[in-house]
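For reference, the chains in residue letters:
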Amino acid sequence: MLFKVCTAVALVAASAMVKASPTPAPISDLEALTGRATPLAQVITKCTVPNNVALTFDDGPEEYIYNISRQLIAAGGKGTFFWNGNNYGCIYDEINVKRVKYAYAQGHMVASHTWDHKDLTTLTFDEIHDEFYRVELALERLLGVKPAFLRPPYGNYNNLVRQVAYERGQKLVTWDFDSGDSTGSTPAQSDAAYDALIKKHPSTILALNHEVYEKTAHIVVPHAIAALKKAGYELVTVAECIGLKPYQSVTSPQTGSWTC
Ligand SMILES: *[C@@H]1O[C@H](CO)[C@@H](O)[C@H](O)[C@H]1NC(C)=O
Ligand SMILES: [Zn+2]
């Protein structure tokens, strides 16, 4: 596949194909180029399996993953981690490799949050492919898995992003509840938001949290897990809560060391 290869040559070829434009190519241009209708990836906005809650954590790998994982496991649950390749730190740094391997070994679902957390709707076709590709490569190297889901940074996507996701075998995942931890909510406000939601007792919840905040890990997550368990919900991964497989393929991790 042409855009799978992240080399200067492939990138040049790709940008030549979709024409040298600073703005993302409109979908109609791509259809004109390929001469076929371009399918769009599915966007998962909620869980479908009744009584399921998927707690998701973005922007890691970070140090609080150990604490969050222990809490989930102690509650008989699993979580989903949407990781960047190079945002708070480089995923290939030894400290992050340990976090990645730990979370995967505990049975949580791991997925992509793009390489460096750009707003994908500002990128060109080949730049979007690259944002997907580098995280796929990292997870294949470190864990032997090819992710099947990607959460677009800021929840932002357009048809070009959906087309790339489709071509790379990934579904986009947003959320139907935001704890507010990355948008200025205090832990007390996040706790209250969880309480108000649980009081309404929706059939399913797909919740956005961030792995990178100490207060999320130490205050909000314990509160949310206790309240959700008390309300009788099951804490599962995103793949489980929609009845799909978490990965496109699973093989052995590679040995070696890499840099961002
Ligand atoms: C998570 O960290 C907090 C603060 O250090 C600690 O009180 C709590 O026991 C930890 N939870 C688990 C399950 O390790
Ligand atoms: Zn993010």
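Before reading on, note that the structure itself is shown above.
Everything in this summary refers to the structure shown in the same document. Keep in mind that this is a model prediction, so the values were computed, not measured.

Here we look at the site of ligand 1
Looking at ligand 1, the residues that line it are Asn67, Arg70, Gln71 and His218. Interatomic distance of 2.8 Å between a side-chain N/O atom of Arg70 and an oxygen atom of ligand 1. Here His218 contributes a side-chain N or O atom positioned 3.3 Å from an oxygen atom of ligand 1. Its free accessible area being 370 Å², ligand 1 has 43% of it covered by the protein chains. Sorting elements by how many residues they give to the shell around ligand 1 places helix H3 (residues 65–74) first, with 3 residues. Among the residues making up the shell around ligand 1, the classes are represented as no nonpolar, 3 polar and 1 charged.

A closer look at the coordination of the zinc ion (ligand 2)
Donor atoms from the polypeptide that coordinate the zinc ion (ligand 2) comprise Asp59 (OD), His113 (NE2) and His117 (NE2), at 2.0 to 2.1 Å from the metal. Read N to C, the donor residues that coordinate the zinc ion (ligand 2) are spaced as D-x53-H-x3-H. Of this pair, Asp59 sits in the loop between strand E2 (52–58) and H3 while His117 is found in the loop between strand E4 (109–112) and helix H5 (125–142), placing the two residues 58 residues apart along the sequence. Neither residue differs from the other here; Asp59 and His117 are each classed as buried.

The rules we used
Residues numbered from 1 in each chain as written. Chains lettered and ligands numbered in written order. Predicted model: local features only at pLDDT ≥ 70, side-chain atom pairs only at ≥ 80, totals over all residues. Heavy atoms only, no water. Near = heavy atom within 4 Å. Polar contact = N/O pair within 3.5 Å; in protein donor to acceptor, adjacent residues only side chain to side chain. Areas by Shrake-Rupley, 256 points an atom, 1.4 Å probe, with all protein chains shown as cover. Helix = DSSP H or I, 4+ residues; strand = E, 2+ residues; numbered from the N terminus. Nonpolar A, V, L, I, M, F, W, Y, C, P; charged D, E, K, R; others polar. Donors = N, O, S within 2.8 Å, 3.2 Å for Na, K, Ca; no water. Buried < 20%, exposed > 50% of the residue type's maximum accessible area, 1.4 Å probe, protein only.

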